[in-house]
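# Structural overview for review
Listed below are the residues making up each chain.
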Amino acid sequence: MPYPKKLLNDYEDVAVDLHPHWWFFAEPVAALVGSIILGILTKIFTDGTGTPRTMLVYLVIALIVASMIWLVIRYLKWMTTNFVVTSDRLIFRSGVLAKMGVEIPLERVNTIHFNQTIFERMTGAGDLVIESGGEDGQQRFTDIRRPDRVQKMIHAQKEENDRRRFTVSGADSAGGDVASQLEKLEGMLERGTLTEDEFQAQKDKLLGS
C-alpha cells in the first residue's frame, strides 16, 4: 500500500516510498516453520493414542495457529508501515489501528548514517540513523531496504530543497541582508549544493541587486 497522496502537500513529489525489508517477517516465519517441523516430528516419533500424545498434538496445533496469527499481524503492520522521502520532508508512518508517525523537514536534517551487519549487506537490509535539529535529535529507522541508496536519495532531495528555498528566499528578499545571503551561499558552496560557477552567478546577482 503506497503512502496516501491525500496526506501530501500539493507541491510535494515523492522520491522514496518503502515498506520494511522482507527480513521484517523473519521471526513469525521462523516460528511457523518451527511449529510445522515440530508437528512432523510429533507425528513420526510418537505412537498410540494416549493422553500425553493427544496433549502434545494439541500443543503443536496451538503453536501453528499462534504462529499464523503472528504472521498475519506482522503482514498487516508491514502493509501500513511507510518510510517516505519527499521533496520537502522525511516521513515515517506505522500502525494498523493505532497510528504513529515521524516527520522531519529536510532543512532540519543534519547527518544521515546507515548501519549494516555482514548478513544485512547480503540481504540488502539495514538501519538508518538520522540526526536532525528537532527536539528528538536522533531517529533510528530499522529494516530499511538498501539503506545506502536511501541515504544518497535523502542527500539529493535535501540539496534540491536547499537550492529551491534559497532561490525563493533570494527572490523575496532582494533588498534584505546581503551579508546574511552571502553566508548562506558560502555554506551551500562548502556542502557542495552549489558549484563554483553557480555560486559566482548567485553572488553576482545578489550584489547586483
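## With respect to the overall build of the chain
The helix and strand tally for the chain stands at six helices and seven strands. For the chain, the α and β elements follow one another from N to C terminus as β-α-α-β-β-β-β-α-β-β-α-α-α. Within the chain, the proportion of its 209 residues that are buried is 34%. Of the accessible surface of the chain, which amounts to about 13200 Å², a share of 59% is contributed by carbon and sulfur atoms.

## Here's the deal with the pairing of strand 2 (residues 82-86)
Buried residues dominate strand 2, accounting for five of its five residues. Of the two faces of strand 2, the one carrying Asn82, Val84 and Thr86 and the one carrying Phe83 and Val85 are both buried. Direction of pairing for strand 1 (residues 14-18) relative to strand 2: antiparallel, over a ladder of four bridges. Bridge pairing in strand 2 links Asp17 to Val84. With four bridges connecting them, strand 2 and strand 3 (residues 89-94) associate as antiparallel partners. Looking at the pairing, Phe83 lines up with Phe92 of strand 3.

## Examining a nonpolar patch on the surface
On the surface, Val29, Val33, Ile36, Ile37, Ile40, Leu41, Ile44 and Phe45 cluster together to form a nonpolar patch covering roughly 730 Å² of accessible area. Its place among the elements puts Leu41 in helix 1 (residues 26-45). For Leu41, a relative accessible area of 40% puts it in the partly exposed group.

## Quick word on the nonpolar core
Ranked by size, the top nonpolar core spans 17 residues in total, and within it Phe83, Ile130 and Ile154 carry the most contacts. Mapped by element, the contributors of at least two residues to this core are strand 1, strand 2, strand 3, strand 4 (100-105), strand 5 (109-115), strand 6 (127-132) and helix 4 (147-172). Residue contacts for Ile130: discarding those within four places in its chain leaves Leu90, Ile104, Val109, Thr111, Ile112, Gly137, Gln138, Gln139, Phe141 and Ile154. Of all hydrophobic cores here, the second largest spans six residues; its members include Leu185, Met188, Phe199 and Leu206.

## Digging into the sheet that holds strand 5
Strand order in the open sheet formed by three strands is 5-6-7, and the pairing between neighbours is antiparallel. The two strands at the open ends of the sheet, each matched to only one other strand, are strand 5 and strand 7 (138-141). The mean inter-strand angle of the sheet, taken between neighbouring strand axes irrespective of direction, is 15 degrees. Both strand 5 and strand 6 contribute to a ladder of six bridges, which runs antiparallel. Bridged to Phe114 within strand 6 is Leu128.

## Here we look at the side chain of Thr80
Inspection of the secondary structure assignment puts Thr80 in the loop between helix 2 (51-79) and strand 2. Thr80 gets classed as buried once you look at its relative accessible area, which sits at 16%.

## So, the confidence of the model for the chain
When pLDDT is averaged along the chain, the result is 83, and 87% of the positions lie at 70 or above. Across the chain, strand 2 holds the top mean pLDDT of 92, while helix 5 (residues 178-191) sits lowest at 72.

## Concerning the sheet that holds strand 2
Strand order in the open sheet formed by four strands is 1-2-3-4, and the pairing between neighbours is antiparallel. The open sheet has two edge strands with one neighbour each: strand 1 and strand 4. Across this sheet, the average inter-strand angle for adjacent strands is 10 degrees, counted without regard to direction.

## Things to note about unusual backbone geometry
Negative phi characterises most residues that are not glycine, and trans characterises most peptide bonds. The phi torsion at Asp143 lies on the positive side, around 55 degrees, for a residue other than glycine. As for its placement among the helices and strands, Asp143 is situated in the loop between strand 7 and helix 4. The backbone of Arg146 shows a phi angle near 50 degrees, a positive value even though the residue is not glycine. By the element assignment, Arg146 lies in the loop between strand 7 and helix 4.

## As for the packing of aromatic side chains
Inspection of every chain in the model, using the stated rule, returns eight aromatic pairs. Through successive ring pairs, a cluster of aromatic residues spans Phe24, Phe25, Tyr75 and Trp78. Across the ring face of Phe24, the terminal group of Arg74 is positioned such that the distance to the ring centre comes to 4.8 Å.

What counts and how
- Residues numbered from 1 in each chain as written.
- Predicted model: local features only at pLDDT ≥ 70, side-chain atom pairs only at ≥ 80, totals over all residues.
- Heavy atoms only, no water.
- Helix = DSSP H or I, 4+ residues; strand = E, 2+ residues; numbered from the N terminus.
- Buried < 20%, exposed > 50% of the residue type's maximum accessible area, 1.4 Å probe, protein only.
- Areas by Shrake-Rupley, 256 points an atom, 1.4 Å probe, with all protein chains shown as cover.
- Pairing = 2+ DSSP bridges.
- Patch = residues over 30% accessible without salt bridge, like charges linked within 9 Å, V, L, I, M, F, W, Y side chains within 5 Å.
- Salt bridge = Lys/Arg side-chain N within 4 Å of Asp/Glu carboxyl O.
- Core = buried A, V, L, I, M, F, W, Y, C linked by side-chain atoms within 4.5 Å.
- Contact = heavy atoms within 4.5 Å.
- Axes fitted to C-alpha atoms, helices over the stretch in contact; angles between N-to-C directions.
- pLDDT = per-residue confidence, 0-100.
- Phe/Tyr/Trp six-rings, centres within 6.5 Å; stacked < 30°, edge-to-face > 60°.
- Lys NZ or Arg CZ within 6 Å of the ring centre and 35° of its normal.

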